[in-house]
Amino acid sequence: MSTSSVSKVTKCLHKHGACSFSTEDYFADGCEDAENSETRFKLCQDLWDKIKTDTEVKPEGNRKILDSLLDFTRKCSSTHQHSNWASQMRASEIPTAALVLGVNVPDHDMTFQSLSDLLQQSVTPHVVSVQAKECGALKHLMKRVLERMMGTVVAVDDEEEEEPEQLSAQLHKRVHCSLGTLCDWYNTKTRKSNTGTPGKKRSSAVRDEQQQPPVVIIFKDLEAFNSKVLQDFILICSRYIERLPLMFIFGIATSPSTIQHMLPHSVSSLLCIELFQSLSCTQHLATVIDKFILTPQFPFKLSSKVMQVLISIFLYHDFSVKNFIKGVQLALLEHFHSQPLSVLCCKKKEALLNVMQLSHNDCVYLCLHTLTSSLPRYPLGKQIRELHLICLEKNVWENEDYQSAMKLLKMLAKDELIILLQRCAEILEPVKSKKMNSALVQLNELLTRFKELDTETAPNVEECITSPVKNLQKKTDLFQLQKTLLEMNESRRSKKLSPFEVLRNEVLEFIDSLVKSHLSPPDSQTLNEVSYYSSSATVRRHINATPRTSIQAALSSPYYYLQTEDGSVSNAAPDICIAYKLHLECGRLINLYDWLEAYATVVSAAEGNSPDSDNFGKVDEVKHARFIRAVSELEFLGFIKSTKQKTDHVARLTWGGC
């Protein structure tokens, strides 16, 4: 791909901002071909929306864990309906769900948002979420919980002293920061909601459950909370558990033992904890790859190098499935923007896919993975993405692991092989193409022949094979043992194959021919540019960014980024840019006084002062303060640091200079 499209991406990001960036902005600023740009934009937008909808609205990876949490909250909310001793003991504790999400921190917000929405839709309207960074003290935690639960301003004593002028307008709206206030509010809310429609009778269980919806508090990042703040909050909540049906959800990134480390037994005994373990990030990634990369219904494909870049960033940087999906979306955007043939991606789809064999590839991938993943050594990888990468790079049948897999398949028993072939037939059946229909017919014929095999000859075959083994048990001489083993090997080569072995070899030949016909690498297929995106360097540059390079570019060329209100480029460079350029002219150690004098000279010239004037280049208090701030900013960014070699010098941390 040419660098012009990359510069268009950069300009579009600067113009619209990274947060508000959309595919429409991108195509409006980038595409030069007016004839098909609208079609390409529409195709890109449809696929973009499909990815977003299926991953954010329906988080399949966490669906089971979310359903389990919903069942847990419903069960806890109905505890007070029972009068047995065990229920009463549990009712005196605060129900707590310990949700272990793993280290994929960027994905936690999406999971908690889905959980909060589901709770509010089906269990209780009283759900709040808090984070450690906003709850540094107990009063802050109480304030956040009450404000978000009650939707009002909560007064804290020290805030009333600090902001007396603002209290006059809002004093009547503020409430005291205590759980007693929350209890009064909760009782008022439940009384209003319990005034049911006249004429309708409800069962006592349903009525009690609706009268007492739980109050759920979600701690998103438990490890980051101050343990003393958390302990005090739990102790206070335990005193109100009879008046307020509280429930906690702890978001844990490391291990459930975190609760024991943070809370002493006297506090943890007040909680009725149940553990919930979410899917690992690698399992979640596997489901995403299966859903979007390895299906004929999703015409956009990624090359081997792009897949390796995205998976490497996932494994070695953030474990974020969300960021992986963003990488796929970026590749999708770049593909439809830079590749004119992408207009054919969904146009005349069936005819085009037959030419490119894309739908065939996906089905054969799945068939080969079904056969090889059941083997004991996983020659081609346990996960389908491993097999997918091998097939994208080169001819898979030339791989040593493929040859090993074929040898291991020859050792499978009849029943095992039949089960695997039936699974392959289920994979091929939904595909509507002549080639796959023909392959399905052949596979069904082979399965029929397997079922019709005469099994009466099997004992004779086994006896022929095992009889030399029985003779081996009588021989103790090493030479005789080696001789007998060689004779057994020769007899196996020369003996007549059983009907099952003949049919098994025929099945493996069929599978091998299917693989060789449909799993050639994409770059060897006709029109692979229509659906395959292969610019791994562009994806790496956008996702795995280098902040220092970007900062240096901004400090060296600030005029590209700074614009006035009328849109014209500003000539005034910020102080930090002036200090940065001057420090580039110095060696490893920079004399602060010389640097200050040079800065004052440049600033005086930039302000339009005459070089002949008496004040030109002189350091006054304002210039001195501006210089100190610029130097502090450069130190914060990591370009310089203080040094003990000379007290009036700083050391450069970047290469170059005189």
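Residues numbered from 1 in each chain as written. Predicted model: local features only at pLDDT ≥ 70, side-chain atom pairs only at ≥ 80, totals over all residues. Heavy atoms only, no water.

Moving on to the overall build of the protein. The number of helices and strands found in the protein is 31 helices and 12 strands. Long-range pairs, those at least 24 residues apart, make up 72% of the contacts in the protein with a sequence separation of at least 6. Of the roughly 35,900 Å² that the protein leaves accessible, carbon and sulfur atoms contribute 52%. (Helix = DSSP H or I, 4+ residues; strand = E, 2+ residues; numbered from the N terminus. Contact = heavy atoms within 4.5 Å. Areas by Shrake-Rupley, 256 points an atom, 1.4 Å probe, with all protein chains shown as cover.)

This part is about the packing of helix α30 (residues 592-606) against helix α31 (residues 621-637). Two quantities define a packed helix pair, namely the angle between the helix axes and the distance between the axes. Running from N to C, α30 and α31 point in directions that differ by 115°, and their axes come no closer than 10 Å. Relative to α31, the crossing made by α30 is right-handed. Contacts between α30 and α31 involve L592, W595, L596, Y599, A600, V603 and S604 from the first element and K623, H624, R626, F627, V631 and L634 from the second. Grouping the constituent residues of the contact of α30 with α31 by class yields 9 nonpolar, 2 polar and 2 charged. (Axes fitted to C-alpha atoms, helices over the stretch in contact; angles between N-to-C directions. Left-handed = near helix turned anticlockwise from the far one by under 90°. Nonpolar A, V, L, I, M, F, W, Y, C, P; charged D, E, K, R; others polar.)

Where helix α28 (residues 547-556) meets helix α29 (residues 575-584), the closest approach of the two axes is 8 Å, and the angle between their N-to-C directions is 100°. Here α28 is positioned roughly perpendicular relative to α29, judged by the angle of their axes. Contact with α28, carried on its side by Q552, A554, L555 and S556, involves I576, C577, Y580 and K581 of α29 and no other residues of that element. Among the residues forming the contact of α28 with α29, the class breakdown is 5 nonpolar, 2 polar and 1 charged. (Parallel < 35°, antiparallel > 145°, perpendicular 65-115°, else oblique.)

Take the confidence of the model for the protein next. Per-residue confidence for the protein gives a mean pLDDT of 78, with 76% of residues at or over 70. For the stretch residues 1-21, pLDDT sits under 50, and the model shows 32 contacts to residues farther than four places along the chain or on other chains. (pLDDT = per-residue confidence, 0-100.)

Quick look at the sheet that holds strand β11 (residues 640-642) now. The strand order across the open sheet built from 3 strands is β10-β12-β11, with neighbouring strands paired in antiparallel fashion. One side of each edge strand has no neighbouring strand; the edge strands of this open sheet are β10 (589-591) and β11. Neighbouring strand axes in the sheet, compared pairwise and without regard to direction, differ in orientation by 40° on average. Across 3 bridges, the pairing between β10 and strand β12 (residues 649-652) is antiparallel. Bridged to L589 within β12 is A651. (Pairing = 2+ DSSP bridges.)

Let's shift gears to the pattern of salt bridges. Applying the stated criterion across every chain yields a total of 12 salt bridges. A salt bridge links R626 to D575, with the nearest nitrogen and oxygen atoms 2.8 Å apart. Here D575 lies in helix α29 and R626 lies in helix α31, a separation of 51 residues in the sequence. For R626, a relative accessible area of 23% puts it in the partly exposed group. Look at D575 and you get buried, because its relative accessible area is 11%. Residue K623 pairs with D620 through a salt bridge whose shortest N-O separation is 3.7 Å. (Salt bridge = Lys/Arg side-chain N within 4 Å of Asp/Glu carboxyl O. Buried < 20%, exposed > 50% of the residue type's maximum accessible area, 1.4 Å probe, protein only.)

With that out of the way, let us pick up the pairing of β12. Across 3 bridges, β11 lies against β12 in antiparallel orientation. Note that in β12 the partner of S642 across the bridge is V650. Where β11 folds back onto β12 in an antiparallel hairpin, the turn is made up of 6 residues.

Turning our eyes to something else, we now look at the nonpolar core. In this structure, L302, V396, F450 and V515 are the most contacted members of the largest nonpolar core, which totals 83 residues. Residue contacts for V396: discarding those within four places in its chain leaves L387, I390, C391, Y402, V515 and L519. Of all hydrophobic cores here, the second largest spans 42 residues; its members include C183, V229, F233 and I259. (Core = buried A, V, L, I, M, F, W, Y, C linked by side-chain atoms within 4.5 Å.)

Further remarks concern the side chain of S129. With respect to the helices, strands and loops of the structure, S129 is situated in strand β2 (residues 127-130). Judged by its relative accessible area of 19%, S129 is buried. Discounting chain neighbours no more than four positions away, the residues touching S129 are E134, R148, I218 and K220.

Where strands meet in a sheet, backbone hydrogen bonds hold them as pairs that are either parallel or antiparallel. What the 5 strands build is an open sheet, ordered β2-β5-β6-β1-β7; its pairing is parallel. Every interior strand has two partners, whereas the edge strands, β2 and β7 (271-277), have only one. Each strand axis lies, on average, 20° off the axis of its neighbour in the sheet, ignoring direction. Against the sheet, helix α7 (residues 138-150) makes contact with β2 and β5 (215-219), and its axis sits at roughly 145° relative to β2, the strand it touches most.

A few words on unusual backbone geometry. Positive phi, close to 55°, is recorded for F319, a residue that is not glycine. Position of F319 relative to the elements: it lies in the loop between α16 (304-318) and α17 (321-338).

Moving on to helix α21 (residues 400-409). By the burial criterion, the buried members of α21 are Y402, A405, M406, L408 and L409. End-on, the buried residues of α21 take up no more than an arc of 165°, which puts them together on one face. Structural note: α21 exposes E400 and K407 on the side pointing more than 90 degrees away from its buried face. Two or three places before D401, at the opening of α21, N399 has a side-chain oxygen 2.8 Å from that residue's backbone nitrogen. (Arc of directions from axis to C-beta. Polar contact = N/O pair within 3.5 Å; in protein donor to acceptor, adjacent residues only side chain to side chain.)

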